[in-house]
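Tertiary structure, described
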Amino acid sequence: LAAADVIVLGPGSLFTSLLPPLLVPGAQEAVRRSSAALVYVCNVMTEAGETDGFSAWDHVEALYTHLGRFPDWVVV
């Protein structure tokens, strides 16, 4: 991650696919410290019981809440 030019997150279930790998010790910090462009590919639809009623911005806010970094680009 330290040498990456671009880090791409997604698409996938926000809370069950995208955020869990960031729980690996050191992963969040590595993404936060990286100078790579962070690209978030937003899921194409909400998921029952997980992201009901979420807008694209709600997905981005949740990513920021758990990662501590806003993406540089969001593909919706």
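The structure we're discussing is the one just above.
These numbers come from a predicted model, not from an experiment. (Residues numbered from 1 in each chain as written. Predicted model: local features only at pLDDT ≥ 70, side-chain atom pairs only at ≥ 80, totals over all residues. Heavy atoms only, no water.)

**Some thoughts on the pattern of salt bridges**
Scanning the model with the defined rule gives three salt bridges in all. Here R32 and E29 are joined by a salt bridge, their closest N and O atoms 3.0 Å apart. Of the two residues, R32 and E29 both sit in helix α2 (residues 27-33), three residues apart, roughly one turn of that helix. Connected through salt bridges with shared partners, the residues E29, R32 and R33 form a single ionic network. (Salt bridge = Lys/Arg side-chain N within 4 Å of Asp/Glu carboxyl O. Helix = DSSP H or I, 4+ residues; strand = E, 2+ residues; numbered from the N terminus.)

**So, the nonpolar core**
Core analysis: the largest hydrophobic core is formed by 15 residues, its most contacted members being L9, V31, L38, Y40, L63 and L67. Mapped by element, the contributors of at least two residues to this core are β1 (6-9), α1 (14-18), β2 (37-41) and α3 (56-67). Here the element with the most residues in this core is α3; it accounts for four residues. Excluding its chain neighbours within four sequence positions, the residues that come into contact with L9 are L18, L38, V39, Y40, V41, L63 and L67. (Core = buried A, V, L, I, M, F, W, Y, C linked by side-chain atoms within 4.5 Å. Buried < 20%, exposed > 50% of the residue type's maximum accessible area, 1.4 Å probe, protein only. Contact = heavy atoms within 4.5 Å.)

**Focus: the sheet that holds strand β3 (residues 73-75)**
Here we have three strands laid out as an open sheet, ordered β1-β2-β3, and parallel in their pairing. The open sheet has two free edges, formed respectively by β1 and β3, since each of these has just one partner strand. If you compare each strand with its neighbour and ignore which way they point, the axes differ by 20 degrees on average. Bridging between β1 and β2 involves four bridges; their strand directions are parallel. Within β2, the position partnered with V6 by the bridge is A37. In the packing of α3 onto the sheet, the strands contacted are β1, β2 and β3, and the crossing angle to β2 comes to about 130 degrees. (Pairing = 2+ DSSP bridges. Axes fitted to C-alpha atoms, helices over the stretch in contact; angles between N-to-C directions.)

**Describing the side chain of H59**
When you line up the elements, H59 lands in helix α3. Looking at H59, the relative accessible area reads 3%, which means it is buried. Filtering out sequence-adjacent residues up to four positions away, H59 remains in contact with L14, Y40, C42, T51 and F54.

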